[in-house]
Amino acid sequence: MHADLDSFYASVEQRDDPALRNRPVAVGGGGVILAASYEAKRFGVYTPMPGYQAKRLCPDLVFVSPRFEAYSATSKAVFEIFDDTTPLVEGISIDEAFLDVGGLRKLSGTPAEIGATLRHTVLADVGLPITVGIARTKFLAKVASGVAKPDGLLVVEPDGELDFLHPLPVEKLWGVGQVTADKLNARGLFTVRDVAALDPAALSALVGIAAGRQLSSLAHNVDARRGETGKRRGSIGSQHALGRTKRTHDEIEVILRGIIDRITCRMRNAERVGRTIVLRFRFDDFTRATRSHSLPQATSATSPIQSTALTLLATAWPMIEERGLTLIGASVANLENEMCVQLVIPFDRAESAELDQAIDAVRDRFGSAALTRADRIGSDPGFGVPLLAD
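Residues numbered from 1 in each chain as written. Predicted model: local features only at pLDDT ≥ 70, side-chain atom pairs only at ≥ 80, totals over all residues. Heavy atoms only, no water.

Chemist: Hey, could you go over the overall build of the protein chain for me, with residue numbers and the actual values?
Modeler: Each helix and strand counted, the protein chain has 15 helices and 13 strands in total. The proportion of buried residues among the 390 residues of the protein chain is 42%. Residue pairs in contact within the protein chain that sit at least 24 positions apart in sequence constitute 62% of those at least 6 positions apart. Carbon and sulfur atoms form 53% of the exposed surface of the protein chain, whose accessible area is close to 22,000 Å². (Helix = DSSP H or I, 4+ residues; strand = E, 2+ residues; numbered from the N terminus. Buried < 20%, exposed > 50% of the residue type's maximum accessible area, 1.4 Å probe, protein only. Contact = heavy atoms within 4.5 Å. Areas by Shrake-Rupley, 256 points an atom, 1.4 Å probe, with all protein chains shown as cover.)

Chemist: Describe helix α6 (residues 111-126), listing the residues and the values that go with them.
Modeler: One full turn of an α-helix is made of 3.6 residues, so residues set three or four places apart face in the same direction. The end-to-end C-alpha separation of α6 is 22 Å, in line with the 22 Å expected for 16 residues at 1.5 Å each. For α6, every residue scored as buried is listed here: Ile114, Gly115, Leu118, Arg119, Val122 and Val126. Projection of α6 onto a plane perpendicular to its axis shows the buried side chains occupying an angular sector of 135°, all on one side. Away from its buried face by more than 90 degrees, α6 exposes His120 and Ala124. Structurally, α6 contributes buried residues whose contacts are with β1 (2-5), α1 (8-16), α4 (68-85), α5 (105-108), β7 (130-134) and β8 (153-155). (Expected span 1.5 Å × (residues − 1). Arc of directions from axis to C-beta.)

Chemist: Which residues make up the sheet that holds strand β2 (residues 25-28), and what values go with them?
Modeler: Spatially, three strands are ordered β3-β2-β4 in an open sheet, and the strand pairing comes out mixed. The open sheet has two edge strands with one neighbour each: β3 (33-36) and β4 (62-64). Here the average twist between neighbouring strands, direction ignored, is 30°. Examined bridge by bridge, β2 and β3 share three bridges and lie antiparallel to one another. In the strand pairing of β3, Val27 is matched with Ala35. (Pairing = 2+ DSSP bridges. Axes fitted to C-alpha atoms, helices over the stretch in contact; angles between N-to-C directions.)

Chemist: Give a detailed account of the nonpolar core, specifying residues and quantitative values.
Modeler: Counting 29 residues, the largest nonpolar core has Leu256, Phe281, Leu313 and Ile328 as the members making the most contacts within it. Elements that contribute at least two residues to this core include exactly α13 (249-269), β10 (272-283), β11 (288-299), α14 (302-323) and β12 (325-333). Top contributing element to this core by residue count: α14, with nine residues. With residues up to four places along the chain from it excluded, the contact list for Phe281 reads Thr287, Arg288, Ala289, Arg291, Leu313, Ala316, Ile320, Leu325, Leu327 and Ile328. Judged by nonpolar contacts, the second largest core, of 28 residues, contains Phe8, Ala10, Val12 and Val132. (Core = buried A, V, L, I, M, F, W, Y, C linked by side-chain atoms within 4.5 Å.)

Chemist: I'd like to hear about the sheet that holds strand β5 (residues 89-93), residue by residue, with values.
Modeler: One key point about sheets: their strands pair by backbone hydrogen bonds, in either a parallel or an antiparallel sense. Pairing in this open sheet of five strands is mixed, and the strands run β5-β6-β1-β7-β8 from one edge to the other. A single partner strand is all that each edge strand has here, and the edge strands are β5 and β8. Averaged over all pairs of adjacent strands, the angle between their axes in this sheet comes to 15°, without regard to strand direction. Bridge count for β1 against strand β6 (residues 96-99) is three bridges, and the pairing is antiparallel. Pairing of His2 across the sheet is with Phe98, part of β6. This element, α6, spans β1, β7 and β8 of the sheet and lies at about 170° to β7.

Chemist: Can you lay out the packing of helix α11 (residues 200-207) against helix α12 (residues 209-219) for me, pointing to particular residues and giving the numbers?
Modeler: Between α11 and α12, whose axes approach to 7 Å, the crossing angle comes to 130°. As judged from the angle between their axes, α11 and α12 are oblique. As for the relative orientation of α11 and α12, their crossing is right-handed in sense. Within the contact between the two elements, α11 uses Pro200, Leu203, Ser204 and Val207 and α12 uses Ile209, Ala211, Gly212, Arg213, Leu215 and Ser216. Across the contact of α11 with α12, the residue classes break down as six nonpolar, three polar and one charged. (Parallel < 35°, antiparallel > 145°, perpendicular 65-115°, else oblique. Left-handed = near helix turned anticlockwise from the far one by under 90°. Nonpolar A, V, L, I, M, F, W, Y, C, P; charged D, E, K, R; others polar.)

Chemist: So what about the pattern of salt bridges? Which residues, and what values?
Modeler: One pass over the structure, following the stated rule, counts 10 salt bridges. Measuring nitrogen to oxygen at the nearest pair gives 3.7 Å for the salt bridge that ties Lys149 to Asp4. Taken together, the residues Lys149 in the loop between α7 (138-148) and β8 and Asp4 in strand β1 connect sequence positions 145 residues apart. Judged by its relative accessible area of 24%, Lys149 falls in the partly exposed class. The exposure class of Asp4 is buried, given its relative accessible area of 11%. Here Glu96 ties to Lys142 by a salt bridge, and the two come within 3.0 Å at their closest N and O atoms. Here Lys142 lies in helix α7 and Glu96 lies in strand β6, a separation of 46 residues in the sequence. (Salt bridge = Lys/Arg side-chain N within 4 Å of Asp/Glu carboxyl O.)

Here's what the structure looks like:
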């Protein structure tokens, strides 16, 4: 099953504020749209459309500032329901996951019954609509959920897989964006059936060898991937849309400090530490850039991560002034479990008396040779003669 919450951020806002229900709502608005309700999507509002453009399309659009803490808490509640449904859950993002329910027929019913129960539980316990697509492959399950949106359930039976898949537009194939779709359309390939009928070698010549092989396989619903469970994310990040209002360095710095506060709080809650700090920038001309730096030791402490992020911001500031900044994001990568990190002896601390006391305690217990300085390893230890006090 592929379970996907509908317009997640916007749905949370509509759930929590009755005045927003059945109205076109956009989360963000200062810069780009982070999420749009289905009432707004009917006017052509989409992510990541600039806020001013969305307002022109939908004059009655209501802009709401994002509340990431609320979205995180809601996601956690939904994933608890996923985990109660099956132990085989592969989270894809904050609002979607694959669930393997193939072995639950005797315990929980048919896949369709399990999907219906899941949708009812999420709505009753969390207050949000969720769409579920069910099929034999991950690819087709995700396609089914996309077709069933919003607030739907679609089961693709094994004997009807290609009948369902082949009439769909080529954009439904994973990896087909606008550029690839234009290439395929230019060759008269508009549906998945057209792609499936094309010789794989000709398809590879058109879109590249790797992409051609993937598209040919997916067009025939060949997808051998299993659900990946127990795999933890490799980075934790957050971002802030700025719009086209020119901001000073101090204003951007305040925003970045808030972003780092959110990230490090999430890291500590997840008992994760990381080494690599990454800043992401989007400019007025929609181009992007990144800056990164790796720390000597993994940490979840706010101070060193924030200090590194601010240094990266200062380094990138001439480019920001020249090109104009519309979005800033940060993430901490190379994450590890907190308990797997080697503790570091604080040799650089000013309070060296604490270190001296710790060394003395070790030597008192295990002997004077238990600890020695690194530069004396392999050298003649010599013989010390203690001075006698008067």
